[in-house]
Amino acid sequence: MQLNSKAVKMQLTLLAILLTGCCADIFMTNPKGSNNRLNENTNNRANGARLFDSQNNNKGGYNVGERGVEANNEDHTQQYQMEYYGSGPGREDKSHLVVEWAHQHGCGDNPKVRCNNVIQYMCMNQGSDQDYPAGNEESEEEGKKRANYMRDGTSTERQVHIQGLGRLDKSDEEYLARVAKAHAAITAEKGLQESFLWYDMCKYREANAGLFRADQTIEGDRKSNFDGKKYASSRKTRQNPGGARSGFECPEERDYYPYWQPTLQGPYDPKLQRTPWIDVAYLGETDNCDDIIKNSFNRHNKHRCVLVGARDYGKSITEEGCQAEGGKWVEFESYLEVLENVNSKEECKQFDAETKSSSVVWRPLRSDSDVERCIVKAPTPACQKAATTRNNHLGNVPDSPLHSTRFHMQLPYFPSGETKRCVLRVRYNITTGDYDPRNTFADVNGDSSPVTNDPTISLLKGEPLDVTLAINTAQFGRTFQDRSHIFKILPRSDDMAGKHLHNLNVRGQRGNIVQNFPSVEYDFVPDVLRMNSGDLVHIQWAGYNTNPAGRAGEGTDATDRSNFVLMAGDLDTSYPDIIDKAEFWKNVKSLTAPDASPKDIAVSLASAGYYCGHNAHKTCPAELSLSGNTREVLQGQLNNANASYSGHVLTVSGSGKYFYMCTRNNNFTNRSQKGTIIVVEKEDSS
Ligand SMILES: *[C@@H]1O[C@H](CO)[C@@H](O)[C@H](O)[C@H]1NC(C)=O
Ligand SMILES: *[C@@H]1O[C@H](CO)[C@@H](O)[C@H](O)[C@H]1NC(C)=O
Ligand SMILES: *[C@@H]1O[C@H](CO)[C@@H](O)[C@H](O)[C@H]1NC(C)=O
Ligand SMILES: *[C@@H]1O[C@H](CO)[C@@H](O)[C@H](O)[C@H]1NC(C)=O
């Protein structure tokens, strides 16, 4: 029988498309990765292009945290954003956050794949309630706010981007009119991470023509204002040749790291202080660490083409091109923040002397300005070997104890003392060894590409033994991504100075392992926490009331609840300890409620905050305490307690090994939510 090879090829392509939609991926478990979910109570996320391009399975991800007892999808003030205390200025006051994820195709010493992970975050000032965008007022200021302020939003729709007439803004008037229109189209209810301007710049900027694109053709989509020539913009890449848009993410920046342009989101705004993407860690092969660190924007200034006029961003990514375009090749500083009320070099130097985690410098923000400012730089990113993981498996790394892939991140220190809102992203980048991924460039694009789409290979010369490979050159070399919801970084209180702070959180969501997959069931992160006597631990969790109906779990359907209760026996037992008996409570003090007694703290953590303490104290009115309670009593499965709880920051003294559990979710043979805290005297740990 004669096979119609075209039909076969089409079927294979279809199959390839179906398969790629199926099960690749990276899923972040702490902070909880959204995978573009917001608050939908369906198994699949509603919109895979809401904020960023994850390339992940539609079923993954966690919803945004919720404050109360019931789903409240319409009101952003009822969302719960995790509140981490940042690091302090000194060498000892470090705040630790375990970033945890699992990815599907292997990494580290796995010989089947070459890979790297990149961890980054982006922050801005939290500001006041008035700074949170609302409504659709057309004033310039409101429009800018909606186009800039990072938020989870309450709608799963993607923001709209309005492009130029005929794809060009010929004059300042045209540009300004379009931006006004574009701002008016951006709504307060939709989520936003990158800014509108960031994407607009991306769309104007030319794609890097030196990159390896295999046999993918990337059509020009723009016409240059100055020479009328067609060019492809950086919204198009080998992985995204059609230029599909996800939120306001720039596809080229997404696919490549370190990126060659400054990732600043627009002109410096003294009030919002929006940072570029700050590099935390590169985990991969370590032989290129020097290059990675040298090219991290944290440390290495980057240039972009600045034009005169209302639209100040040009198309060129080289100095020569920029000059030809009539622009200036301007160097930009990356910053964690700019200390607006520091007005002299001397004062700025003082901050530099006090800040041990990074440097604070007195410099202009860009090379075409001579206004010097006090700039807080980000620390040098970590560059380490990636952990080894298996293919086709969202499992643990071989470590003791076993746990998912993790990076121990130190949260930043912001000398301004401002509360920040931030988002964290982890990318997972895999390539094959069919070409040298780091040294293959545009000269082998097209016909000389070392790889082609679904090639048919003849296994015996001259005989009809042909096999067809499943190769998609848009995904041969591919980046996956997950991002957190918005979280806050709070300044430390004075009594946290000089102390290590460990974050202890809950991962997972309602449902059994099958209903949840590729997300996970409840557990504490880190499940084993080692700390020194005198260190701080911040116990906090975010849950929601918007799980899909009917998922296995305890208490009210569709809801998450957690609590923290010491156990009576070892980790393999199931009963909690009586509060008055548990040793742990004798050794703790709360820094977030300094006049709370150990009993107050124990009662509040056991009741997920339903009772703010045993007795009334400063942060706990009598009627919300256990002894003075005037409401119904706490329901035994925590149904009437809130889904999220900001908890306490505790100092733990002495030494000991403590086992704790969540009384609601722990359900032997079905679910386990228990953890260990090991406290050692400082001397012992050295
Ligand atoms: C529980 O949530 C409600 C509704 O958001 C809020 O008013 C209340 O303060 C929360 N209680 C605690 C203990 O956080
Ligand atoms: C992914 O790897 C390729 C090949 O090494 C590299 O060119 C690209 O910049 C990497 N992208 C990311 C996001 O790490
Ligand atoms: C424990 O889990 C199983 C399976 O999800 C469930 O059927 C059972 O009701 C749970 N027990 C309680 C007390 O909720
Ligand atoms: C665990 O789940 C099974 C079935 O899902 C159920 O029969 C059993 O009672 C559950 N265990 C507990 C403690 O509820």
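Use the structure listed above.
The paragraphs below set out a description of the structure included in this document. Note that this is a predicted model, so its numbers are computed, not measured.

What the protein chain contains, in helices and strands, is 11 helices and 32 strands. Here the C-alpha radius of gyration of the protein chain, 26 Å, is about what a compact globule of 686 residues would show, namely 26 Å. Overall size of the protein chain, expressed as C-alpha extent along the three principal axes, is 75 × 75 × 50 Å. Expressed as a percentage of the 686 residues in the protein chain, the buried residues total 56%. Looking at the protein chain alone, contacts between residues at least 24 apart form 73% of all its contacts between residues at least 6 apart. A total accessible area of about 29100 Å² is found for the protein chain, and carbon and sulfur atoms account for 51% of it. A gap of 3 Å separates the mean positions of the 80 positive and 89 negative side-chain charges of the protein chain.

Moving on, we come to the site of ligand 4. Contacts to ligand 4 come from Asn667, Thr669 and Asn670. Note that a nitrogen atom of ligand 4 is positioned 3.3 Å from one of the side-chain N or O atoms of Asn667. At 2.4 Å, a side-chain N or O of Asn670 approaches an oxygen atom of ligand 4.

Before going further, it helps to examine the side chain of Ser334. Within the element layout of this structure, Ser334 appears in the loop between β12 (328–332) and β13 (337–339). We classify Ser334 as buried; its relative accessible area is 1%. Within the structure, Ser334 has its side chain in polar contact with the backbone oxygen of Phe297 (distance 3.3 Å).

Right, let's talk about the sheet that holds strand β14 (residues 360–364) for a bit. Taken in spatial order, the three strands line up as β13-β15-β14 in an open sheet, and their pairing is antiparallel. The open sheet terminates on both sides in strands that have one partner only, identified here as β13 and β14. Across this sheet, the average inter-strand angle for adjacent strands is 40°, counted without regard to direction. Bridge count between β13 and strand β15 (residues 372–376): three bridges; the pairing is antiparallel. Counterpart to Glu337 in the pairing with β15 is Val376. Along the sheet, helix α8 (residues 345–354) contacts β13, β14 and β15; its crossing angle with β14, the most-contacted strand, is approximately 145°.

The rules behind these values
Residues numbered from 1 in each chain as written. Chains lettered and ligands numbered in written order. Predicted model: local features only at pLDDT ≥ 70, side-chain atom pairs only at ≥ 80, totals over all residues. Heavy atoms only, no water. Helix = DSSP H or I, 4+ residues; strand = E, 2+ residues; numbered from the N terminus. Rg over C-alpha atoms; globule rule 2.2 N^0.38 Å. Buried < 20%, exposed > 50% of the residue type's maximum accessible area, 1.4 Å probe, protein only. Contact = heavy atoms within 4.5 Å. Areas by Shrake-Rupley, 256 points an atom, 1.4 Å probe, with all protein chains shown as cover. Lys, Arg positive; Asp, Glu negative; His and termini not counted. Charge placed at Lys NZ, Arg CZ, Asp CG, Glu CD. Near = heavy atom within 4 Å. Polar contact = N/O pair within 3.5 Å; in protein donor to acceptor, adjacent residues only side chain to side chain. Pairing = 2+ DSSP bridges. Axes fitted to C-alpha atoms, helices over the stretch in contact; angles between N-to-C directions.

So, to be careful, I would describe these as geometric facts and stop short of saying anything about function.
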